[in-house]
Amino acid sequence: MLKIYHAKNTRSVRVVWLCEELGIPYETKVLKFAPDVLQSQEYLAVHPLGKVPAIDDDGLVLNESGAILQYLMEKHGAGGLEPKPGSAGRGRYLHWFHFAEATMMVPIGNIAQHSFIRPEDKRIPQVAAEAVESAQRMLGILEKELAGKDYICGSEFTAADIMLGYDLLLCKLFGLLSDDLKNVNAYFARLSARPGFQKATA
Ligand SMILES: N[C@@H](CCC(=O)N[C@@H](CS)C(=O)NCC(=O)O)C(=O)O
């Protein structure tokens, strides 16, 4: 059975959430999000950088949350949760799917690293402050993009919402979802009401 290496409120949320949405059977190996676990020889044999998520799918070990989602959709998704390759909506879908990790998680990750993950003497407050500004700018872009839409690609829920929904979970936890972000807050409320999100973040 598919094994998901999972730690609370980390990017492994995306993998568990996708499995819930698609009804993919899985088991979780829940890890404490701490260096003694992630950097242990045992876990480094699964993920050489000691990060989450990773999966072991009957011996195929993968990491990179976006790649895992794409792999699982191809294997089990039967074309669900994404516009078909070549269809009109595919380009925008790919844009938002990858924006979530390649662009938006950069400042969010820096906020986390320089606020609580790194040992105190290795945190740089200026990096954290600039990352907050950068994340707010990206939230402003999402605010405009979500006007009149239920989901980032329109009326259909897609895996791009799973990728972005995790970013917004961290933004919420970091106090970045200010009241003026009406569309973003409504979108996050819609996503976080889904049973799959709730299971993945329990
Ligand atoms: N691009 C990777 C990033 C993985 C990653 O950085 N995961 C974080 C948790 S959300 C982690 O394990 N950090 C541990 C560390 O940096 O020591 C992915 O999307 O899977």
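Structure first, text after, so check above.
In this text, all values refer to a predicted model and were calculated from it rather than measured experimentally.

Some words on the overall build of the protein
Next up, step 1: Helices and strands together make up the secondary structure of the protein, namely nine helices and four strands.
Next up, step 2: Along the protein, helices (α) and strands (β) appear in the sequence β-α-β-α-α-β-β-α-α-α-α-α-α when read from the amino end.
Next up, step 3: By the compact-globule yardstick of 17 Å for 202 residues, the protein fits well, its C-alpha radius of gyration being 17 Å.
Next up, step 4: Counting only C-alpha atoms and orienting by the principal axes, one finds that the protein spans roughly 50 × 45 × 30 Å.
Next up, step 5: A total of 202 residues make up the protein; the buried ones form 45% of that total.
Next up, step 6: Contacts in the protein between residues far apart in sequence, at least 24 positions, make up 64% of those at least 6 positions apart.
Next up, step 7: Here the protein displays about 10,100 Å² of accessible surface, and carbon together with sulfur accounts for 54% of that area.
Next up, step 8: Within the protein, one finds 22 positive and 24 negative side-chain charges whose respective centroids are separated by 2 Å.

Details of the pairing of strand β1 (residues 2-6)
Next up, step 1: Of all five residues in β1, four are buried; the element is thus mostly enclosed.
Next up, step 2: Bridge analysis of β1 against strand β2 (residues 26-30) gives five bridges, and the strand direction is parallel. Bridging from a neighbouring strand, leucine 2 pairs with tyrosine 26 of β2.
Next up, step 3: With helix α1 (residues 12-22) bridging β1 and its parallel neighbour β2, the resulting β-α-β unit is right-handed.
Next up, step 4: Looking at chain direction, β1 and strand β3 (residues 54-57) are connected through three bridges and run antiparallel. Residue pairing in the sheet places lysine 3 in a bridge with aspartate 56 of β3.

So, the packing of aromatic side chains
Next up, step 1: Following the criterion strictly, the structure yields eight aromatic pairs and no others.
Next up, step 2: On the basis of an interplanar angle of 80° and a centroid distance of 5.7 Å, the ring pair of tyrosine 151 and phenylalanine 157 is categorised as edge-to-face. The same class applies to tyrosine 151 as to phenylalanine 157, namely buried.
Next up, step 3: Note on phenylalanine 188 and phenylalanine 197: the rings are 5.9 Å apart at their centroids and 85° apart in plane angle, and the pair reads as edge-to-face.
Next up, step 4: Just above the ring of phenylalanine 157 sits the side chain of arginine 194; from NZ or CZ to the centre is 3.6 Å.

A few points about the site of the ligand
Next up, step 1: Neighbouring the ligand are Thr10, Arg11, Phe33, Lys51, Val52, Pro53, Glu64, Ser65, Glu101, Gln113 and Tyr166.
Next up, step 2: Interatomic distance of 2.9 Å between a side-chain N/O atom of lysine 51 and an oxygen atom of the ligand.
Next up, step 3: Take valine 52: an N or O atom from its main chain is 2.8 Å from a nitrogen atom of the ligand.
Next up, step 4: Relative to its unbound accessible surface of 520 Å², the ligand loses 83% to contact with the protein.
Next up, step 5: Considering only residue class, the shell around the ligand consists of four nonpolar, three polar and four charged.
Next up, step 6: Looking at which domains feed residues into the shell around the ligand, each of domain 1 (2-76) and domain 2 (90-194) supplies at least three.

Cut-offs applied
- Residues numbered from 1 in each chain as written.
- Predicted model: local features only at pLDDT ≥ 70, side-chain atom pairs only at ≥ 80, totals over all residues.
- Heavy atoms only, no water.
- Helix = DSSP H or I, 4+ residues; strand = E, 2+ residues; numbered from the N terminus.
- Rg over C-alpha atoms; globule rule 2.2 N^0.38 Å.
- Buried < 20%, exposed > 50% of the residue type's maximum accessible area, 1.4 Å probe, protein only.
- Contact = heavy atoms within 4.5 Å.
- Areas by Shrake-Rupley, 256 points an atom, 1.4 Å probe, with all protein chains shown as cover.
- Lys, Arg positive; Asp, Glu negative; His and termini not counted.
- Charge placed at Lys NZ, Arg CZ, Asp CG, Glu CD.
- Pairing = 2+ DSSP bridges.
- Right-handed = clockwise from strand over helix to strand, strands pointing away.
- Phe/Tyr/Trp six-rings, centres within 6.5 Å; stacked < 30°, edge-to-face > 60°.
- Lys NZ or Arg CZ within 6 Å of the ring centre and 35° of its normal.
- Near = heavy atom within 4 Å.
- Polar contact = N/O pair within 3.5 Å; in protein donor to acceptor, adjacent residues only side chain to side chain.
- Nonpolar A, V, L, I, M, F, W, Y, C, P; charged D, E, K, R; others polar.
- Domains from an automatic or database assignment.

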